[in-house]
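Chain and residue survey
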Amino acid sequence: MKKIPLPTILIFFFAAVVYAIGAATRAGVPGMVYDQIRESLGFTAAQTSAISSWGVAGCMAFLGVSGILTDRFGWRPVILAGIALQVFGEWLLYTFASPAWVFAGAFLNGGGRTIGYLTLLKFLDSEFDRKYFSALIGVFYVFSYGGTLLGSSPFASLAADHPWQLILRWCNHLTTACGAAVAICLLCSARTARRAANAPAKQREPFPWGQLLAQLKKPQCVGVFFCAASGIVLYWSCLSGIGRKYLSDLCGADASALGTMNTVVMAEMIFAGSVSLFLGNRRKLFQAAGCALIAAGSAVLFAGTFLPERSALAAAWTGFLLLGTGYGFTGIQITACREFVPPEFAASAIAFVNFCANILIITLSQVAGSIFDKFKAPDSLQATPHAFELILGICLALAVPAVVATRFLPDSKGRNISAEI
């Protein structure tokens, strides 16, 4: 494995902390403070859900361009742009009460997170031996899902004593400090970065759009991308949209089940890639198990909508734990997606998967918000069980086809198989 200069390691560390903060605020707002936002800003449920949707729209808007730029020029030239967007977007989120400004903040913050996500994965893909990617991605997930964990029940507990805008302000100050540290480290490693950059001749070549599109439209590429994307959609929809309300409205409970779910996710994200590496870089076993567990979790949550409060709480804990256990294999799902295309398209393939997932997250989030507005108890913000039945029925319609799709996928076993499919 190549020796990595200390400034480069520090860049990764501080940028990963920035991403962790972004993951925490994505999970926390609006998911953990859904009704607080409605009360403090006077938003409808649809407008509150739209905060998440605009954040996802920001991810989508920046996915394509940032993925291509990262593949073509490497991770260094674009990383600071992502941090700057994340800082500015979060400032808009907690500073203004107008829906337009709040949505704009969520949009820019989502774009910044996306750039950070792709540049950090490109770092792991380019700075280390590719066969270790599934294990090294666990290092990234320490920060990614550590942040998500902090953004679930800990964020909800903190928001019980402090305004959610103040929490975001604290987070943004820390993001700014880490961004400044990244900039300093980049300056210190400028000479090394020039030596490690892509060759000028390669940078001047037109991007091979035709080759990329030819890869993306292959049926087995579509299948592996759908398996990864469906898990992302269902996990983030439950976490940032319906999960907290499910627990409070149907079960009369706090968000501790979501915190436990995220603990499971983080542990799996960190170690599952290493287990896959130990088993000969096998992927299909984990892909099939992940999709099946996510479908089972969605089914249990759906069944819980028909149960009384105490039984519904048991179903909620079971469903969220199943969902988290299945989603914990997403690091391997993403690794497999990268192995279904040539190495030069790694970031673009990951961007495409997340782009498709984000389209569905926006759609499901807005549908959920409209359903919550339509099916709510009189003189209350509480949703009725029928609202959750409809939403979770849609979730099952996404989860079950992914289980079927895994049966037809080859096992990449750590190798690039783009020429074989």
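See the structure printed just above.
A brief structural summary. (Residues numbered from 1 in each chain as written. Predicted model: local features only at pLDDT ≥ 70, side-chain atom pairs only at ≥ 80, totals over all residues. Heavy atoms only, no water.)

Considerations on helix 15 (residues 309-327)
The end-to-end C-alpha distance of helix 15 is 26 Å, a good match for the 27 Å that 19 residues give at a rise of 1.5 Å each. Among all positions in helix 15, only A312, A315, A316, G319, F320, L323, G324, G326 and Y327 are buried. Angularly, the buried residues of helix 15 cover 160 degrees about the axis, an arc narrow enough to put them on a single face. (Helix = DSSP H or I, 4+ residues; strand = E, 2+ residues; numbered from the N terminus. Expected span 1.5 Å × (residues − 1). Buried < 20%, exposed > 50% of the residue type's maximum accessible area, 1.4 Å probe, protein only. Arc of directions from axis to C-beta.)

Brief notes about helix 8 (residues 164-188)
Under the 1.5 Å per step criterion, the end-to-end length of helix 8 is 37 Å for 25 residues, consistent within 8% with the ideal 36 Å. What helix 8 keeps buried is the set W164, I167, L168, C171, N172, T175, C178, G179, A181, V182, C185 and L186.

Observations concerning the nonpolar core
F320 and F372 are the most contacted members of the largest nonpolar core, which totals 126 residues. Per element, the largest residue contribution to this core is 17 residues, and it comes from helix 12 (residues 219-251). With sequence-adjacent residues up to four places away left out, F372 is seen in contact with Y34, A45, I242, K245, A383, A387, F388 and I391. (Core = buried A, V, L, I, M, F, W, Y, C linked by side-chain atoms within 4.5 Å. Contact = heavy atoms within 4.5 Å.)

Let's talk about the packing of aromatic side chains
Here the structure, examined in full by the defined rule, presents 26 aromatic pairs. Look at Y19 and F140: their rings are 5.3 Å apart centre to centre, the planes differ by 45 degrees, and that puts the pair in the tilted class. Here F140 lies in helix 6 (residues 133-150) and Y19 lies in helix 1 (residues 6-28), a separation of 121 residues in the sequence. Like Y19, the residue F140 is buried in the burial classification. On the basis of an interplanar angle of 90 degrees and a centroid distance of 5.7 Å, the ring pair of W91 and F96 is categorised as edge-to-face. Among the aromatic residues, those joined into a ring-pair cluster are F12, F13, F14, W75, F123, F128 and F143. Stacked on the ring of W236, the Lys or Arg R26 has its end atom at 3.9 Å from the ring centre. (Phe/Tyr/Trp six-rings, centres within 6.5 Å; stacked < 30°, edge-to-face > 60°. Lys NZ or Arg CZ within 6 Å of the ring centre and 35° of its normal.)

A short note on the packing of helix 13 (residues 256-278) against helix 16 (residues 330-339)
Two numbers describe how helix 13 lies on helix 16: the axes approach to 8 Å, and their chain directions differ by 55 degrees. Considered as vectors, helix 13 and helix 16 are oriented oblique to each other. Within the contact between the two elements, helix 13 uses M269, A272, G273 and S276 and helix 16 uses T330, G331 and I332. (Axes fitted to C-alpha atoms, helices over the stretch in contact; angles between N-to-C directions. Parallel < 35°, antiparallel > 145°, perpendicular 65-115°, else oblique.)

Side note on the side chain of S365
Inspection of the secondary structure puts S365 in helix 17 (residues 346-374). Residues in contact with S365, not counting those within four places in the same chain, are S49, S52 and S53.

Some thoughts on the state of the cysteines
In protein structure, a disulfide is the covalent linkage between the sulfur atoms of two cysteines. One pass over the full model with this rule turns up 0 disulfides. Note on C221: no disulfide assigned, nearest cysteine sulfur contributed by C337 at a separation of 8.5 Å. C337 provides the cysteine sulfur closest to C356, a residue in no disulfide bond, and the two sulfurs are 10 Å apart. Its relative accessible area of 28% is what places C356 among the partly exposed residues. (Disulfide = S-S within 2.5 Å.)

Considering a nonpolar patch on the surface
On the surface, V275, F278, L279 and L285 cluster together into a nonpolar patch covering about 430 Å² of accessible area. By the element assignment, L285 lies in helix 14 (residues 284-304). Using a relative accessible area of 56% as the deciding quantity, one classes L285 as exposed. (Patch = residues over 30% accessible without salt bridge, like charges linked within 9 Å, V, L, I, M, F, W, Y side chains within 5 Å. Areas by Shrake-Rupley, 256 points an atom, 1.4 Å probe, with all protein chains shown as cover. Salt bridge = Lys/Arg side-chain N within 4 Å of Asp/Glu carboxyl O.)

Observations concerning the environment of F352
Relative to the elements of secondary structure, F352 occurs in helix 17. Along the sequence, F352 and A387 sit 35 residues apart, while their C-alpha atoms lie 31 Å from each other. Not counting chain neighbours up to four residues away, the residues in contact with F352 comprise L216 and F225.

Structural notes on the pattern of salt bridges
If you walk through the whole model with that rule in mind, you get 7 salt bridges. D71 is paired through a salt bridge with K122; the nearest N and O atoms lie 3.0 Å apart. In this pair, D71 is assigned in helix 3 (residues 45-73) and K122 in helix 5 (residues 99-127), connecting sequence segments 51 residues apart. Since its relative accessible area comes to 8%, D71 is described here as buried. Judged by its relative accessible area of 11%, K122 is buried. Taking the shortest distance from any N to any O, the salt bridge between D249 and K245 comes out at 3.0 Å.

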